[in-house]
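Chain by chain, the residues:
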Amino acid sequence: YAYKVDKLQGGEKEKAEGAAFAAAVLPRVHAANSDAAAKIYNNLRVGASSTNHQEVKAAFESVYPQLGLTCADIGGLWNEAEKSYYPGMGPCTDASTTKVVTETNSTLAIALGTTFGVLFALALIAVLYMRSREKKGAPVFKTEMVQNSAST
């Protein structure tokens, strides 16, 4: 909302939506960092004389860790018409957006792949064994015929 008001000349609708959103999240932001909450409030409050979207974005991003959020969780402000992010509104970067595959992850993938490969091979061998026994006329699983005799 701050970007829409600041850069896209947002009207009363955008200002009201921004104020409502800010009112909803400010208690959580204030608990994490009162300075960040003040910056958000001063830019998005009803009757704010101006809005600095970069200040609002930076204030929100500064409290992501305390709120249990990552840059990957939030993303950025997407411009559908241009199929890109609005200028300066792309996702921020932190550990969540710059992860590198670790050896632990590779080891787990190798272990799981090997386990499932071996299980598949064993199941295939069992099916081929049962099929060969059936062709020889000695199936692994035999059905028994039970005769019922009626007594009179």
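Keep in mind the model is a prediction, meaning the values are calculated, not measured.

A. Spotlight on the nonpolar core. Counting residues in hydrophobic clusters, the biggest one holds 15 residues, and the most contacted among them are Val29, Ile40, Leu44 and Phe60. Every element with two or more residues in this core is listed here: α2 (12–32), α3 (34–44) and α4 (53–62). If one sorts the elements of this core by residue count, α3 sits on top with four residues. Those residues in contact with Val29, other than ones at most four positions away along the chain, are Ala36, Ala37, Ile40, Phe60, Val63 and Leu67.

B. Spotlight on a nonpolar patch on the surface. A cluster of nonpolar side chains, namely Leu108, Leu112, Phe116, Val118, Leu119, Leu122 and Ile125, defines an oily patch on the protein surface of about 710 Å² accessible area. Tracing the backbone through its elements, the reader meets Leu119 in helix α7 (residues 103–135).

C. Structural context of the packing of aromatic side chains. Scanning all chains against the criterion turns up four aromatic pairs. A centroid spacing of 6.2 Å and a plane angle of 45° characterise the contact between Tyr1 and Phe21, whose relative ring orientation is tilted. With Tyr1 in the segment before α1 (2–6) and Phe21 in helix α2, this residue pair connects regions lying 20 residues apart in the sequence. The interplanar angle of 45° and the centroid separation of 5.1 Å between the aromatic rings of Tyr3 and Tyr86 together place this pair among those described as tilted. In this pair, Tyr3 sits in helix α1 while Tyr86 sits in the loop between β2 (84–85) and α7, placing the two residues 83 residues apart along the sequence. Like Tyr3, the residue Tyr86 is buried in the burial classification. Ring pairs connect the aromatic residues Tyr1, Phe21 and Phe60, which therefore count as one cluster.

D. Local environment of α4. Turning to α4, its buried residues number three or more, namely His53, Val56, Lys57, Ala59 and Phe60. Projection of α4 onto a plane perpendicular to its axis shows the buried side chains occupying an angular sector of 165°, all on one side. Its side-chain oxygen at 3.0 Å from the backbone nitrogen of Gln54, Asn52 defines the N-terminal cap of α4.

E. A look at the packing of α2 against α3. Following both chains from N to C, one finds α2 and α3 inclined at 170°, their axes separated by 9 Å at the closest point. Classified by the angle between their axes, α2 and α3 sit roughly antiparallel to one another. Seen from α2, the contacting residues are Lys15, Gly18, Ala19, Ala22, Leu26, Val29, His30 and Ala32; seen from α3, they are Ser34, Ala36, Ala37, Ile40, Tyr41 and Leu44. A class-by-class count of the residues in the contact of α2 with α3 yields 10 nonpolar, three polar and one charged.

F. Up close: unusual backbone geometry. Even without being glycine, Lys83 reaches a positive phi, approximately 55°. Within the fold, Lys83 resides in the loop between β1 (78–79) and β2. Lys83 gets classed as exposed once you look at its relative accessible area, which sits at 52%.

Definitions and limits used
Residues numbered from 1 in each chain as written. Predicted model: local features only at pLDDT ≥ 70, side-chain atom pairs only at ≥ 80, totals over all residues. Heavy atoms only, no water. Core = buried A, V, L, I, M, F, W, Y, C linked by side-chain atoms within 4.5 Å. Buried < 20%, exposed > 50% of the residue type's maximum accessible area, 1.4 Å probe, protein only. Helix = DSSP H or I, 4+ residues; strand = E, 2+ residues; numbered from the N terminus. Contact = heavy atoms within 4.5 Å. Patch = residues over 30% accessible without salt bridge, like charges linked within 9 Å, V, L, I, M, F, W, Y side chains within 5 Å. Areas by Shrake-Rupley, 256 points an atom, 1.4 Å probe, with all protein chains shown as cover. Salt bridge = Lys/Arg side-chain N within 4 Å of Asp/Glu carboxyl O. Phe/Tyr/Trp six-rings, centres within 6.5 Å; stacked < 30°, edge-to-face > 60°. Arc of directions from axis to C-beta. Polar contact = N/O pair within 3.5 Å; in protein donor to acceptor, adjacent residues only side chain to side chain. Axes fitted to C-alpha atoms, helices over the stretch in contact; angles between N-to-C directions. Parallel < 35°, antiparallel > 145°, perpendicular 65-115°, else oblique. Nonpolar A, V, L, I, M, F, W, Y, C, P; charged D, E, K, R; others polar.

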